[in-house]
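Spelled out, the chains give:
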Amino acid sequence: MNSAKAFDIPKALVWDAYLDVKRKAGGPGVDGQSMEEFEDDLTNQLYKIWNRMSSGSYVAPPVLRVEIPKADGGVRQLGIPTIGDRIAQAVVKRYLEPLVEPSFHEDSYGYRPGRSALDALAKTRQRCWRDDWVLDLDIRQFFDTLDHTLVMRAVRQFTSCKWVLLYIERWLRADVQGQDGTRQRRRTGTPQGGVISPLLANIFLHFGFDQWMKANYPTIHFERYADDIVVHCRSRKQLEWIKVKLERQLTRYKLSLHPEKTRSVYCKDSRRTGDWPCQSFDFLGYTFRPRSARNRWGKFFVSFSPAISRNASRALRQSVRREWRLPACTHLSLNDVARRRNPIIAGWINYYGRFCRSALHAVLNHINLALVRWAMRKFKRLYRRRTRAEAWLKAVARRDRGLFVHWQYQGWMTGAV
């Protein structure tokens with residue numbers, strides 16, 4: 001250990017943390033510094049982070065408040081740290097995560113290595129087929145209301161490392177700065193958008209929910225992705241009973257359920273003859289509800305299964321319209337457009353097309369419509385001639401089905417059977 005430093009933090013840990021942050025990209029914080037600007041003086045920037053963290057003098061700068069519109073008409077407040085602060089948080093995350101990960105519950109999926117939202121969705125689908133009822137939990141303002149004392153008590157269950165505890169506490173108390181420059185002191189919560197926040201949320205709910213369920217109700221299964229939780233019940237009576245227990249447990253952790261967004265859902269299908277007003281719920285961008293399906297013998301039946309949610313579909317279409325702005329990209333060739341957009345389209349198909357891919361066609365058709373409008377602006381012979389532009393695009397798709405990744409899933413577009 002360097003005798004001149006209060007804490008022994010390896011420089012390699014800071015370098016690896018920088019690589020983690022660089023891979024995930026993200027915008028600037030309150031200092032306005034981008035990753036490119038940070039890298040202009042990379043060696044000195046990383047040394048400064050290491051030196052201050054090792055000496056105990058690192059102070060968390062304010063996080064930038066950014067408001068993101070929500071589907072229900074409200075806003076989600078994100079707290080964006082600076083590039084340097086993200087790297088410092090990633091240093092602590094890299095140290096702490098291997099200590100906590102082996103203890104986490106098998107049905108906790110959010111922000112964990114080797115686990116994904118698709119894993120959670122697959123398990124949810126399987127259990128909805130088995131159990132008749134779902135309690136769709138919504139914890140009111142979870143990230144904004146986390147009690148700092150309880151968070152630190154939970155973290156201390158896993159480590160006594162002084163510098164880890166010191167900096168987590170400083171991040172929890174860091175000011176929030178609005179885009180107009182005004183600052184607000186934070187007394188509860190951890191900012192969504194911080195590198196360390198998802199791990200702190202998992203640690204908190206590990207004790208507040210996961211372990212409590214495992215110890216007291218091991219036969220009642222659930223899936224949790226950060227603060228999004230689905231609980232499976234065999235009967236309505238069991239659902240109402242566990243809901244009361246959960247409300248009391250969350251109160252002990254200074255949390256509460258949202259009374260309007262927490263819902264009791266009946267998983268209606270061909271085998272279930274009961275009825276209930278609510279027969280659907282949203283989870284991780286998918287809507288679970290009764291859907292027509294075909295069995296191995298070709299007969300139709302009703303299955304309670306997931307497909308892309310209406311809100312997620314709308315968000316993807318808005319992204320194509322507002323962010324891609326293809327009609328304004330007439331300086332690009334069709335190959336250039338495909339090269340730029342194919343990674344995004346493939347990501348959408350890989351995630352939202354995993355279950356009931358046909359429900360994604362509204363989004364894929366919207367991409368084709370944007371390409372038609374691009375062609376109408378690009379080529380004079382197609383200007384204001386939508387029918388001709390559509391025919392032109394289909395002809396291109398027949399000649400080169402692999403040009404856009406979504407065309408291989410649209411036989412009507414390419415003429416494939």
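Not measured: the values here are computed from a predicted model.

Peer 1: Could you clarify how one ought to interpret the environment of L250 in this entry?
Peer 2: On the secondary structure map, L250 appears in helix α10 (residues 236-252). L250 sits 81 residues away from E169 along the chain, and the two C-alpha atoms are 22 Å apart. Apart from residues no more than four positions distant in its own chain, L250 is found in contact with I139, L255 and L257.

Peer 1: Explain the sheet that holds strand β10 (residues 286-294) to me, please; I cannot follow it from the model alone.
Peer 2: Across a sheet, strands are paired by hydrogen bonds formed along the backbone, either parallel or antiparallel in direction. Taken in spatial order, the three strands line up as β9-β10-β11 in an open sheet, and their pairing is antiparallel. A strand with exactly one partner marks an edge of an open sheet, and here the two such strands are β9 (281-283) and β11 (300-308). Across the sheet, the mean angle separating the axes of adjacent strands is 50° when strand polarity is ignored. The sheet contact formed by β9 and β10 spans three bridges and is antiparallel.

Peer 1: Please clarify how the pairing of strand β6 (residues 222-225) should be interpreted in this entry.
Peer 2: Where a strand is regular, its side chains alternate between the two sheet faces. Burial along β6 is two-sided: the residues F222 and R224 and E223 and Y225 are all buried. Bridge analysis of β6 against strand β7 (residues 228-233) gives four bridges, and the strand direction is antiparallel. By the bridge assignment for β7, Y225 is matched with D228. Once β6 ends, the chain turns through two residues before running back antiparallel as β7, passing A226 with a positive phi of about 55°.

About the criteria used
Residues numbered from 1 in each chain as written. Predicted model: local features only at pLDDT ≥ 70, side-chain atom pairs only at ≥ 80, totals over all residues. Heavy atoms only, no water. Helix = DSSP H or I, 4+ residues; strand = E, 2+ residues; numbered from the N terminus. Contact = heavy atoms within 4.5 Å. Pairing = 2+ DSSP bridges. Axes fitted to C-alpha atoms, helices over the stretch in contact; angles between N-to-C directions. Buried < 20%, exposed > 50% of the residue type's maximum accessible area, 1.4 Å probe, protein only.

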